[in-house]
Amino acid sequence: MLNLRAGEKAMSLATFLISASYLKAGIDLLCKNHWEKHYCLSLELYSLYAEAEYCNGNFQEVGHATGVVIKKAKSFEDKNRIFATLIKSLAGQNKMQDAMYIGFTVLT
């Protein structure tokens, strides 16, 4: 929880490298079945981590983190934020067709 708060603070200060490191440390400290035991914390850590890595231009990590959330999130509402990050990441890589496909798929 402390790493989540530190990551949020670093994001608000636009220090995305530091934010990503705090958030990744928080993810690494989660127990094996964290999605069942600490769902909200897991969702927040992974979602913010994906956003921080998007800001850092680390698109491979964005893809990994978004994939985990899309697979583990329980509801459409819980996936909205991560889909937005994924779409921005694809657009940032000039993969407009993929970004549009995901956008249209999610909206329909």
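Use the structure listed above.
Caption draft 1: Structural detail: the overall build of the protein chain. A tally of helices and strands in the protein chain yields seven helices and zero strands. The helix and strand sequence of the protein chain, counted from the amino end, reads α-α-α-α-α-α-α. Taken over C-alpha atoms, the radius of gyration comes to 14 Å for the protein chain, in line with the 13 Å a tight globule of 108 residues would show. Across its three principal axes, the protein chain shows a C-alpha extent of roughly 40 × 30 × 20 Å. Looking at the 108 residues of the protein chain, the share that counts as buried comes to 39%. Residue pairs at least 24 apart in sequence account for 46% of intrachain contacts in the protein chain once pairs closer than 6 positions are excluded. Put simply, the protein chain shows about 6400 Å² of open surface, and 60% of that area lies on carbon and sulfur atoms. For the protein chain, the separation between the mean place of its 12 positive charges and that of its 10 negative charges on side chains is 4 Å.

Parameters and conventions
- Residues numbered from 1 in each chain as written.
- Predicted model: local features only at pLDDT ≥ 70, side-chain atom pairs only at ≥ 80, totals over all residues.
- Heavy atoms only, no water.
- Helix = DSSP H or I, 4+ residues; strand = E, 2+ residues; numbered from the N terminus.
- Rg over C-alpha atoms; globule rule 2.2 N^0.38 Å.
- Buried < 20%, exposed > 50% of the residue type's maximum accessible area, 1.4 Å probe, protein only.
- Contact = heavy atoms within 4.5 Å.
- Areas by Shrake-Rupley, 256 points an atom, 1.4 Å probe, with all protein chains shown as cover.
- Lys, Arg positive; Asp, Glu negative; His and termini not counted.
- Charge placed at Lys NZ, Arg CZ, Asp CG, Glu CD.

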